[in-house]
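Letter by letter, the chains look like this.
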Amino acid sequence: MKTELIKADITTLEIDAIVNAANSSLLGGGGVDGAIHRAGGQAILEDCKAIRNKQGKCKTGEAVITTAGHLPANKVIHTVGPVYNKGSKIEEKKEQLANCYKNSLKLAEDNSLTSIAFPNISTGIYKFPKALAAEIAIRTVKQYYSETIEKVVFVCFDDENYEYYKAFLNE
Ligand code: AR6
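What comes next concerns the included structure. (Residues numbered from 1 in each chain as written. Predicted model: local features only at pLDDT ≥ 70, side-chain atom pairs only at ≥ 80, totals over all residues. Heavy atoms only, no water.)

### A short note on the site of the ligand
Contacts to the ligand come from 22 residues, most closely from Asn23, Gly30, Val32, Asp33 and Ile125. Take Asn23: an N or O atom from its side chain is 2.7 Å from an oxygen atom of the ligand. If the ligand stood free it would expose 710 Å²; the protein chains cover 91% of that surface. Mapped by element, the contributors of at least two residues to the shell around the ligand are β2 (17-22) and α1 (31-40). (Near = heavy atom within 4 Å. Polar contact = N/O pair within 3.5 Å; in protein donor to acceptor, adjacent residues only side chain to side chain. Areas by Shrake-Rupley, 256 points an atom, 1.4 Å probe, with all protein chains shown as cover. Helix = DSSP H or I, 4+ residues; strand = E, 2+ residues; numbered from the N terminus.)

Here's what the structure looks like:
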């Protein structure tokens, strides 16, 4: 499994799967979630609604998969990152963030997807400290053994995240 780092809008990528930093309602929101639904169109929301009707909300750390609608990617994996509140259950939040990456990779494998791109989950509206989130993302992906996934792309949107990823990936 090789890893890549890029600075880009994740909605533009031609890849098997892009990951969405969703919320538990799965019904869309701001940030990267808003961008994915806007660019991908109604089909993504329809799939999300069908999943909700079947299983209810998506819990923090878990992941579900839908069509990618009009996006150049083949599938969207929606995962729900933890909301970071200073001093409150930090260890649990760290584990939940790692679970987002693990469960998304597992879902990609289960669907025979060989390339996957992650945004910096929880580091926007959910306010997870960027350095800590980058460490967790990189460690979790590197520790994940997959016989089928060939490529994992870390997609940064802002300079601060990009600098942390660049530093930690080169360690
Ligand atoms: N491509 C790649 N990365 C992006 C893009 C993009 N087009 N747009 C933003 N980012 P956020 P969260 C980066 O807030 O913190 C939504 O309302 C952004 O710079 O999208 O997990 C959901 O519905 C940041 O580094 O997600 C939830 O309610 C990263 O994506 C809530 O926000 C994550 O920022 C989830 O919050």
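From this point, the narrative continues.
### Structural notes on the pairing of strand β6 (residues 151-156)
Among the 6 residues in β6, 5 count as buried, and that is most of the element. Looking at chain direction, strand β1 (residues 2-7) and β6 are connected through 6 bridges and run parallel. Bridging from a neighbouring strand, Thr3 pairs with Val152 of β6. With 4 bridges joining them, strand β5 (residues 115-118) and β6 adopt parallel strand pairing. Across the sheet, residue Ser115 finds its bridge partner in β6, namely Lys151. For the handedness criterion, the β-α-β arrangement of β5, helix α4 (residues 130-143) and β6 is classed as right-handed. (Buried < 20%, exposed > 50% of the residue type's maximum accessible area, 1.4 Å probe, protein only. Pairing = 2+ DSSP bridges. Right-handed = clockwise from strand over helix to strand, strands pointing away.)

### Considering the packing of α1 against helix α2 (residues 42-55)
One can describe the packing of α1 onto α2 by two numbers: an axis separation of 6 Å at closest approach and a directional angle of 115 degrees. Note on element contacts: α2 touches α1 through Gln42, Ile44, Leu45 and Cys48, opposite Ile36, His37 and Gly40. Split by residue class, the contact of α1 with α2 holds 4 nonpolar, 3 polar and no charged. (Axes fitted to C-alpha atoms, helices over the stretch in contact; angles between N-to-C directions. Contact = heavy atoms within 4.5 Å. Nonpolar A, V, L, I, M, F, W, Y, C, P; charged D, E, K, R; others polar.)

### As for the packing of helix α3 (residues 90-110) against α4
Geometrically, a packed helix pair is captured by the angle between its two axes and the distance between the axes. Two numbers describe how α3 lies on α4: the axes approach to 9 Å, and their chain directions differ by 40 degrees. For the element pair α3 / α4, the angle class is oblique. The chirality of how α3 crosses α4 is right-handed. Along the contact surface, α3 presents Lys94, Leu97, Ala98, Tyr101, Lys102 and Leu105, while α4 presents Leu132, Ala133, Ile136, Ala137, Thr140 and Val141. (Parallel < 35°, antiparallel > 145°, perpendicular 65-115°, else oblique. Left-handed = near helix turned anticlockwise from the far one by under 90°.)

Honestly, that's just the spatial picture; any functional story needs more than this.
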